[in-house]
Amino acid sequence: MNEKQRMQSQQVQAEKPADKKSEKDYSKYFQAVYVPPSLKDAKKRGKEEVKYEKDFAIPEEFRGMGEGKRFYIRTYGCQMNEHDTEVMAGIFMALGYEACESVQEADVILLNTCAIRENAENKVFGELGHLKPLKLEKPDLLIGVCGCMSQEESVVNRILAKHHFVDMIFGTHNIHRLPQILNEAYMSKEMVIEVWSKEGDVIENLPKVRKGQTKAWVNIMYGCDKFCTYCIVPYTRGKERSRRPEEIIQEVRHLASQGYKEITLLGQNVNAYGKDFTDLDYRLGDLMDEIRKIDIPRVRFTTSHPRDFDDHLIEVLAKGGNLVDHIHLPVQSGSTDILKIMARKYTREHYLELVRKIKAAIPNVSLTTDIIVGYPNETEEQFEETISLYKEVGFDAAYTFIYSPREGTPAAKMKDNVPLEIKKDRLQRLNAIVNEFSAQKMKEYAGKVVEVLVEGESKNNPEVLAGYTTKNKLVNFKAPKSVIGQVVKVKITETRTWSLNGEWVEEAAAVKVD
Ligand code: SAH
Ligand code: SF4
Ligand code: F3S
């Protein structure tokens, strides 16, 4: 289906969005584009082949649209969203807009949203509340909502009902249509809504304005087909589509030649990379094996799913070089029963076996993870299995969350007998262990010299520089600003729970080599 056909078919649906009586039929209020989301459609996984669109270009008629205007994008959520923001910033700049530092200065404001947990969504609705007076003051201001929340009909309906001043809503699959959407928003008095519930094609050559000059994100695949029972991502990001290896390698080479020092390969489930190729037998291990030969100091990837983490990948990672000795490997729970209800498709034992293999191949590896506590009906014993797994693996760090029901996912329909107080208590107990392990790991660095990729001034103190080790430990130290963007050696003098302080030791390494 090409873009036009898809739009047409979705517009036909849009004319009759209210198949449930309780839902208001908003379409009659719209003369502008009205293509609302449907989680039901987003759940489908069709067999159609993914199209690779290589010749993205800003249409002639929109060039110069942003002359004399400024844009501001506020980003919520994961690295995928951060990177989408870089693409949208690239499109804005190509249209002639300028970036600005605050919502007050902006002529167009976009909220690039995240739907992963309720509190992520609440932040966005809070921000919309703050923006309302600004819109009243400056009626020509355009306000848009994009990203994962836009893919949910409940969100779009809430914006329609309570936040009329929003000018445009678009989703994750059509950010390349930003010029057309902006144009519609300028022309129309109504809210422009264009959300595709079926994933788009893979579009190459989109313009990008990257946030830094040291580290860069590189998409290797889009979407997720895992459908963990709690998770909204397969609905908001569509089916798994891999970029072609040659496109990825070319992008990484280009970044290396521009002087970037670190790249992070991005996907919701990077271990599924290549599964969707019909003409190629090429997986993440193969890709990493190519990328390790490119002259760029550090290569990371995120996020891994334990289920598809194969032996070939472990073998390649063990070759080291620019492939860093840090793997983020979300486990979610230490209880096989809970993992089963989560549909993670691995057991506690399988996870521990995978960790054993990784540690055997990469002895000094640092492992971090994601954990959800308080899953529906999680028992005290099952929670304790998570604690015991944490200790057994000896993670360096973890992102920990209380389970948040997401409308439309299977888990949201499960009855839950765990009171919120218990969930909060479990989170606190888990976090105490996470902190203890992190502090312990940090202590091992006392007196040692580490290599730090210097990112810039520390957030808390402009006198101090900050950067990360290959294992992603934050290091603060004093050195001239000229070392920003370089890999330097730092001797650790003080260890904290979440960071290290040290002294810059090697001047030779700090001399900038162009
Ligand atoms: N694709 C990645 C994770 C994406 S979301 C992966 O599979 O690992 C990041 C983390 O948010 C998840 O690992 C999970 O721990 C958490 N998360 C996702 N859905 C959640 C929900 N409904 N409630 C609480 N935490 C959730
Ligand atoms: Fe969500 Fe699971 Fe996919 Fe990760 S693998 S994005 S947790 S469905
Ligand atoms: Fe959030 Fe969407 Fe990322 S839901 S975590 S921004 S994929």
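Relevant structure appears above.
Owing to the predicted nature of the structure, the values given are computational and were not obtained by experimental measurement. (Residues numbered from 1 in each chain as written. Chains lettered and ligands numbered in written order. Predicted model: local features only at pLDDT ≥ 70, side-chain atom pairs only at ≥ 80, totals over all residues. Heavy atoms only, no water.)

Trainee: Could you give an account of the packing of helix α12 (residues 348–361) against helix α13 (residues 380–393), with specific residues and numbers?
Mentor: Packing of α12 against α13 brings their axes to within 11 Å, and their N-to-C directions diverge by 10°. Relative to α13, the element α12 is oriented roughly parallel. Contacts from R348, Y351, L352, V355 and K359 of α12 reach α13 at E385, S388, L389, E392 and V393. Its residues assigned to classes, the contact of α12 with α13 comprises five nonpolar, one polar and four charged. (Axes fitted to C-alpha atoms, helices over the stretch in contact; angles between N-to-C directions. Helix = DSSP H or I, 4+ residues; strand = E, 2+ residues; numbered from the N terminus. Parallel < 35°, antiparallel > 145°, perpendicular 65-115°, else oblique. Contact = heavy atoms within 4.5 Å. Nonpolar A, V, L, I, M, F, W, Y, C, P; charged D, E, K, R; others polar.)

Trainee: Explain the packing of aromatic side chains to me, using residue names and the numbers behind them.
Mentor: Enumeration according to the criterion identifies 11 aromatic pairs in this entry. When the centroid spacing of 5.0 Å and the interplanar angle of 50° are considered together, the rings of Y390 and F395 count as tilted. Across the pair, F395 and Y390 agree in class, each one buried. One aromatic cluster is present, formed by Y346, Y351, Y390, F395 and F437 through successive ring pairs. The ring of Y186 has K69 lying over it, and the distance from NZ or CZ to the ring centre is 4.8 Å. Here the basic side chain of R244 rests over the ring of Y52, its NZ or CZ set 5.9 Å away from the ring centre. (Phe/Tyr/Trp six-rings, centres within 6.5 Å; stacked < 30°, edge-to-face > 60°. Buried < 20%, exposed > 50% of the residue type's maximum accessible area, 1.4 Å probe, protein only. Lys NZ or Arg CZ within 6 Å of the ring centre and 35° of its normal.)

Trainee: Mind laying out the packing of helix α3 (residues 79–94) against helix α6 (residues 178–187), listing which residues take part and the relevant values?
Mentor: Packing of α3 against α6 brings their axes to within 10 Å, and their N-to-C directions diverge by 65°. Seen from above, α3 lies across α6 with right-handed handedness. Judged by residue contacts, M88, I91 and F92 of α3 engage L178, P179 and L182 from α6. The residue makeup of the contact of α3 with α6, split by class, is six nonpolar, no polar and no charged. (Left-handed = near helix turned anticlockwise from the far one by under 90°.)

Trainee: Please give an account of the pattern of salt bridges that cites residues and values.
Mentor: Using the criterion set out here, one finds 38 salt bridges in the structure. In this structure, K357 engages D311 in a salt bridge whose closest nitrogen and oxygen atoms are separated by 2.9 Å. Taken together, the residues K357 in helix α12 and D311 in helix α10 (residues 311–317) connect sequence positions 46 residues apart. Taken together, the shared-partner salt bridges connect E378, E380, E384, D425, R426 and R429 into one network. (Salt bridge = Lys/Arg side-chain N within 4 Å of Asp/Glu carboxyl O.)

Trainee: Lay out the sheet that holds strand β3 (residues 70–75) with the relevant residues and their values.
Mentor: The seven strands are arranged β1-β8-β7-β6-β5-β3-β4 in an open sheet whose pairing can be described as parallel. With partners counted over all chains shown, the strands left at the sheet margins are β1 (34–35) and β4 (98–99), one partner each. Here two bridges tie β1 to strand β8 (residues 192–194), and the two strands are oriented parallel to one another. By the bridge assignment for β8, V35 is matched with E194. Against the sheet, α3 engages β3, β4, β5 (108–113), β6 (142–147) and β7 (168–170), with an angle of about 175° to β3. Its contacts with the sheet place helix α4 (residues 118–137) against β3, β5 and β6, and it is angled at close to 175° to β5. (Pairing = 2+ DSSP bridges.)

Trainee: I'd like a description of the nonpolar core, backed by residues and values.
Mentor: I263, L265, L287, M288, I291, F309 and I358 are the most contacted members of the largest nonpolar core, which has 69 residues in total. Filtering out sequence-adjacent residues up to four positions away, I291 remains in contact with I248, I249, V252, I263, L265, V299 and N322. In terms of nonpolar packing, the next biggest core, distinct from the first, is built from 35 residues, A106, L128, L134 and I169 among them. (Core = buried A, V, L, I, M, F, W, Y, C linked by side-chain atoms within 4.5 Å.)

Trainee: Run through the sheet that holds strand β17 (residues 397–402), naming residues and quoting values.
Mentor: Pairing within the open sheet is parallel, and its three strands lie in the order β15-β16-β17. Taken across any chain shown, the strands that pair with only one partner, and hence form the sheet edges, are β15 (326–328) and β17. Direction aside, the axes of adjacent strands within the sheet are offset by 10° on average. In this structure, β15 lies alongside strand β16 (residues 366–373), joined through three bridges in parallel fashion. For H328, the partnering residue across the bridge sits in β16 and is T368. Relative to β16, α13 is tilted by about 175°, and along the sheet it contacts β16 and β17.

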